[in-house]
Amino acid sequence: MDNQAPLQNWAKNLTYHARLVEHPTSVAEVQAIVRSSPRVKALGSRHSFSDIADTDGVQISMDRLNAIHPVDPRTSTVTVEAGVNYGQLCPVLEQQGFALHNLASLPHISVVGACATGTHGSGVKNPGLADSVCGLELVRADGSIIHLDSTNYPTEFFAAVVGLGALGVVTKVTLSVQPSFQVRQSVFDDLPWVQLEANWNQIMAAAYSVSLFTDWQTENFNQVWVKSLVSEPGPDGESEFFGAKPATGPRHPIPSLSNTPAAMNCTAQMGVPGAWYERLPHFRMDFTPSSGEELQTEYLMPRELAIEALRAVGTLKAQIAPLLQICEIRTIARDDFWMSPSYQRDSVALHFTWKKLPAEVTALLPQIESCLSLFRPRPHWGKLFMMPGSVISERYDRFKDFSILQANWDPEGKYRNAFLTQVGVTGI
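Let me begin by describing the structure that accompanies this report. (Residues numbered from 1 in each chain as written. Predicted model: local features only at pLDDT ≥ 70, side-chain atom pairs only at ≥ 80, totals over all residues. Heavy atoms only, no water.)

### Let's talk about the overall build of the chain
The test is simple: Labels follow the DSSP assignment, with helices taken as runs of H or I lasting at least four residues and strands as runs of E lasting at least two, numbered in each case from the N terminus. Here the radius of gyration uses the C-alpha set of atoms, whereas the globule reference equals 2.2 Å times the residue count to the power 0.38. Every residue pair with non-hydrogen atoms within 4.5 Å of one another is taken to be in contact. Charged-residue counts in this description rest on Lys and Arg as positive and Asp and Glu as negative, His and the chain ends being excluded. By convention, the charge on Lys lies at NZ, on Arg at CZ, on Asp at CG and on Glu at CD.
Within the chain one finds 11 helices and 18 strands. For 428 residues, the compact-globule formula gives about 22 Å, and the C-alpha radius of gyration of the chain, at 21 Å, lands near that figure. Considering only intrachain contacts with a sequence separation of at least 6, the fraction spanning at least 24 residues in the chain is 71%. Charged side chains in the chain number 33 positive and 42 negative. The centres of these two groups are separated by 2 Å.

Printed below as a string of C-alpha cells:
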C-alpha cells in the first residue's frame, strides 16, 4: 500500500482526490482492493487532462502490472497487462515481426487507458487504437473477473472497450496484430487554405497517415506530416505537396521549435524509412514529453463536414491564437464501440494544444463548442471540454444503453465519479 502526497496528472492541471493510492502487483490484489472499497478508479499513465480517472475513494495505479505475453502466431494476437504503455509494447512486437495498425502522437501512454478513452492516430482507413482490442479481462464491482470478447459477450464487449473506466478495472487486454511494416515520414510547410479547401479528401488520403498543423495565425496551415508505407507509392518529400513546400530540416509541430534541438525529439523525418512504431507517433519514446506546461482539447466530427468545421473555428481565430500552442487536424475511420467518439462515423478530429492558461481556456471552450454545434462534435474523453451531459448523451446512439449497463454491472456506483455524472452516465 502506498499513500503519499496526492497524485497529479501528467500536465499537473489536476490533483486527484483519492484518499488512498494502491499499487497492486497481481490481479488477485486488484480484486481484493475492489471488494473492500466503496469507491474505486483505475489509473494508467495519467495523460488525461480531464478528471475521468479521479475518485474520492481508492485509486488503483496499474503501473506494476506490466507483463507482455508473447505474440500468439496462430491468432495474431498479443496480451498485455494494464500497466503497459505503447513505448514498451511496440519494440517487443517488432522483435517478433509484428505491428499494431496505428499509434497516437505519443508512445508514452498506456494501452488500456488510451483505448478506454477513445485515443487515436490518423489515416482515413485507420480506426482508433481501440480497434485493435479483441479481448478484455475486467474486474467487476463485486471483485469477480469477466473475460470479454465479441464472441462470448457480443453486446457487452462493444460497450466495454471504450469503457471510460465505468464498468470495472481492466487488468489485461488482448490486441490483434499484423505483420511488421516500414514507414517513411515527410513534412511539408505552408499548405495554402485554398488547396486544402479544394482537395481535402485527396490530401488526407495521400498516405497511410496524414496530420495537419495550424496556429490559426496565417491563411496557410503551418505543416503537413505525411507518413507513407514504404511498400506503397506516396509523396516523396522532395516535390511540392498541394502547394506546400518540402521541409528543409527536422520539424516540430510547434513552429517556433522547428530547426531547434527540440525537433530532434520528434520521430525521424526527411523520408528516411523506419519501423512502424518509430514513425507513426510524432514523438520518440526516449524523449520525455514536455514538462506538461500545456492543456489539451479535442473534438471529433463527421469527416465529410471537415472544411465547414474548420471554417467555423476560423471565425474564432482571434480568440484562439493567443492561447494556442498548436492545433492538429487528423482523420479516423469509424468503429463500433458504443462510447467511441468515432462510433459509426468516419471522423475528423480538431485537437488544440493550449498554453497552460486554465481560466482563459475554460472561458473559450464554450465558444468553440457553440460554433461547432451544427457538426455534432463529440469530445475526446481524456481532454478538456465544457459540453454538458445532456448534449453529449444525444450524440451517441448507444449512450442510454451504456448507462443502463453501467447501472446493472455497478449498482452501488463503485466506479462512478464526478466525471461520469458530468457527461451523463448517471447509472439509471
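So, next bit.
### Here we look at unusual backbone geometry
Here is the rule: In this scheme, a residue with accessible area under 20% of its type's maximum is buried, one over 50% is exposed, and one in between is partly exposed, where area comes from a 1.4 Å probe on protein chains only.
Not every positive phi belongs to a glycine, and W216 is a case in point at roughly 60 degrees. Relative to the helices and strands, W216 is located in the loop between β11 (209-214) and β12 (220-229). Phi is positive for R376, which is not a glycine, with a value near 50 degrees. Within the secondary structure layout, R376 lies in the loop between α8 (358-371) and β18 (378-379). Overall, R376 belongs to the partly exposed group, its relative accessible area being 36%.

### Focus on the sheet that holds strand β1 (residues 20-22)
Just so we agree on the cut-off: Here, a strand pair is defined by DSSP locating no fewer than two bridges between the strands. Where helices are involved, their axes are fitted lines through C-alpha atoms of the stretch in contact, as for all axes, and angles between N-to-C directions lie from 0 to 180°.
With respect to topology, 3 strands assemble into an open sheet ordered β1-β3-β2, the strand pairing being parallel. The open sheet has two edge strands, β1 and β2 (40-43), and neither has a second partner. The mean angle between the axes of side-by-side strands here comes to 25 degrees, regardless of whether they run parallel or antiparallel. Pairing geometry for β1 and strand β3 (residues 58-61), over 3 bridges, is parallel.

### Structural notes on helix α10 (residues 399-409)
Residues of α10 that are buried: F399, F402, S403, L405, Q406, A407 and W409. Buried positions along α10 lie against β6 (133-139), β7 (145-148), α4 (156-160), α9 (389-393) and α11 (418-423).

### Let's talk about helix α5 (residues 193-204)
Basically, it comes down to this: Expected helix span is computed as 1.5 Å times (number of residues minus one).
Given a rise of 1.5 Å per residue, 12 residues ought to cover 16 Å, yet the end C-alpha atoms of α5 are separated by just 14 Å, more than 12% below that figure. By the burial criterion, the buried members of α5 are W193, L196, N199, W200, I203 and M204. The inward-facing, buried residues of α5 contact β10 (182-192), β11, β12, α6 (306-314), β16 (324-332) and β17 (347-354).

### Topic: the nonpolar core
Selection rule: Within this scheme, the nonpolar core is defined by two criteria: the residues are buried Ala, Val, Leu, Ile, Met, Phe, Trp, Tyr or Cys, and they are joined through side-chain atoms within 4.5 Å.
Grouped together as the largest cluster of nonpolar side chains are 122 residues, with contacts concentrated most on L212, W276, F352, W354 and W381. At 6 residues, α6 tops the list of elements feeding residues into this core. Core analysis: the second largest hydrophobic core is formed by 10 residues, A247, I254, F287 and I326 among them.

### A short note on the sheet that holds β7
Whether parallel or antiparallel, the strands of a sheet pair through hydrogen bonds between backbone atoms. Taken in spatial order, the 4 strands line up as β4-β8-β6-β7 in an open sheet, and their pairing is antiparallel. Of all the strands in the sheet, the pair left with one neighbour each is β4 (77-81) and β7. Strand-to-strand twist across the sheet, computed as the mean angle between neighbouring axes with direction ignored, equals 15 degrees. Pairing of β6 with strand β8 (residues 169-176), which is carried by 6 bridges, proceeds in the antiparallel orientation. Residue pairing across strands places E137 opposite K172, the latter belonging to β8. Contacts from helix α1 (residues 27-36) reach β6, β7 and β8 within the one sheet, and its direction differs from that of β8 by about 140 degrees.

### Description of the pattern of salt bridges
Threshold: Throughout this description, the term salt bridge denotes a Lys or Arg side-chain nitrogen within 4 Å of a carboxyl oxygen of Asp or Glu.
On inspection of all chains with the given rule, the structure shows 12 salt bridges. Between R284 and D286 there is a salt bridge, and its shortest N-O distance comes to 2.9 Å. With relative accessibility at 32%, the residue R284 sits in the partly exposed group. A salt bridge links R334 to D346, with the shortest nitrogen-to-oxygen separation between them at 3.5 Å. Here the residue R334 occupies a position in the loop between β16 and β17, and D346 occupies one in the loop between β16 and β17, the gap between them amounting to 12 residues. Linked through salt bridges whose partners overlap, the residues forming this network are E298, E328 and R330.

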